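Here's the letter readout for the chains.
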Amino acid sequence: MGWAENLKKLGLELPPAPPPVAVYVPGVRSGNYVYTSGQLPFVNGQLPLTGKVGAELTIEQGAEMAKLAALNALAVVHDLAGLDNVVRIVKVVGFVASAPGFNDQPLVINGASELLGEVLGEAGVHARSAVGTSELPKNTPVEVELIAEVR
């Protein structure tokens, strides 16, 4: 089953790549790699939830936001190289706006990792970092960037 069928099975659609919120491009292709900028969990230009995980948001809500951010990152990869050309997701970096004392960032970024595996299968298995931070742009709970190897 291909990525489009997998998205449909999950009840998701690949959105248009979100426009940048400052002076940068959503992603860059260099040779056989696509590097995305940090993607926020925008849906139709809006953040469904804001705040810090461990305060205003639960781990589960944060994981859902990470999933949406990863979906936006896939949209950027698709625009630059086409998801049919993805060899594998090499690396994911996830940032989690965290309340003081919150230290379950890996569980939040699992939302992104699980989505990538469900959509791309073995090609979605990747190395990863999950980083806690005190603030993120637009009061978003998560930001996800990735590196994809492409044909």
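Below you will find a few notes about this structure. Remember, it's a predicted structure, so these values are computed and weren't measured experimentally.

In this structure the tally under the stated criterion is 2 salt bridges. A salt bridge links Lys 52 to Glu 135; its shortest N-O distance comes to 3.0 Å. You can see Lys 52 sitting in the loop between strand S2 (33-36) and helix H2 (59-81) and its partner Glu 135 sitting in the loop between strand S4 (127-133) and strand S5 (142-150), a full 83 residues away along the chain.

Further remarks concern the packing of aromatic side chains. With the rule as written, the count across this model stands at 1 aromatic pair. Taking 6.5 Å as the distance between ring centres and 45° as the angle between the ring planes, the aromatic pair formed by Tyr 33 and Tyr 35 counts as tilted. Among the residues examined, Tyr 33 registers a relative accessible area of 32% and is labelled partly exposed.

Attention now moves to the environment of Asp 79. Position of Asp 79 relative to the elements: it lies in helix H2. Remark: the alpha-carbon pair of Asp 79 and Leu 107, spanning 28 residues in sequence, is separated by 29 Å.

On to H2. With 23 residues, H2 extends 32 Å from end C-alpha to end C-alpha; this agrees with the ideal 33 Å at 1.5 Å per step. Count one or two residues on from H2 and you reach Gly 82, which has phi positive near 85°.

Two strands pair when backbone bridges link them, and strand S1 (residues 27-30) and S2 are joined in this way by 4 bridges, in the antiparallel orientation. Its bridge partner being in S2, Val 28 is matched across the sheet by Tyr 35. The loop that links S1 with its antiparallel partner S2 comprises 2 residues; one of these, Gly 31, has a positive phi angle of about 60°.

Here the focus is the environment of Gly 82. As for its placement among the helices and strands, Gly 82 is situated in the loop between H2 and strand S3 (86-97). Judged by its relative accessible area of 14%, Gly 82 falls in the buried class.

Right, let's get into the packing of H2 against helix H3 (residues 105-120). Interaxial distance between H2 and H3 falls to 7 Å at its minimum, and their mutual angle equals 45°. Here H3 runs oblique to H2, going by the angle between their axes. In the crossing of H2 with H3, the sense of the turn from one axis to the other is right-handed. Residues Ile 59, Gly 62, Ala 63, Ala 66, Lys 67, Ala 70, Leu 71 and Leu 74 of H2 pack against Leu 107, Val 108, Ile 109, Gly 111, Ala 112, Leu 115, Leu 116, Val 119 and Leu 120 of H3. Taken together, the residues that form the contact of H2 with H3 break down as 14 nonpolar, 2 polar and 1 charged.

Turning to the nonpolar core, a few remarks are in order. Ranked by internal contacts, the top residues of the largest apolar core, which has 35 residues, are Ile 89, Leu 120 and Leu 146. Elements with a minimum of two residues in this core: helix H1 (3-9), H2, S3, H3 and S5. Broken down by element, the residue count for this core peaks at 10 residues, all from H2. For Leu 146, the residues in contact, after removing those within four places along its chain, are Val 34, Tyr 35, Thr 36, Ala 73, Val 77, Ile 89, Lys 91, Val 92 and Leu 116.

Basis of the calculations
Residues numbered from 1 in each chain as written. Predicted model: local features only at pLDDT ≥ 70, side-chain atom pairs only at ≥ 80, totals over all residues. Heavy atoms only, no water. Salt bridge = Lys/Arg side-chain N within 4 Å of Asp/Glu carboxyl O. Helix = DSSP H or I, 4+ residues; strand = E, 2+ residues; numbered from the N terminus. Phe/Tyr/Trp six-rings, centres within 6.5 Å; stacked < 30°, edge-to-face > 60°. Buried < 20%, exposed > 50% of the residue type's maximum accessible area, 1.4 Å probe, protein only. Expected span 1.5 Å × (residues − 1). Pairing = 2+ DSSP bridges. Axes fitted to C-alpha atoms, helices over the stretch in contact; angles between N-to-C directions. Parallel < 35°, antiparallel > 145°, perpendicular 65-115°, else oblique. Left-handed = near helix turned anticlockwise from the far one by under 90°. Contact = heavy atoms within 4.5 Å. Nonpolar A, V, L, I, M, F, W, Y, C, P; charged D, E, K, R; others polar. Core = buried A, V, L, I, M, F, W, Y, C linked by side-chain atoms within 4.5 Å.

Honestly, that's just the spatial picture; any functional story needs more than this.
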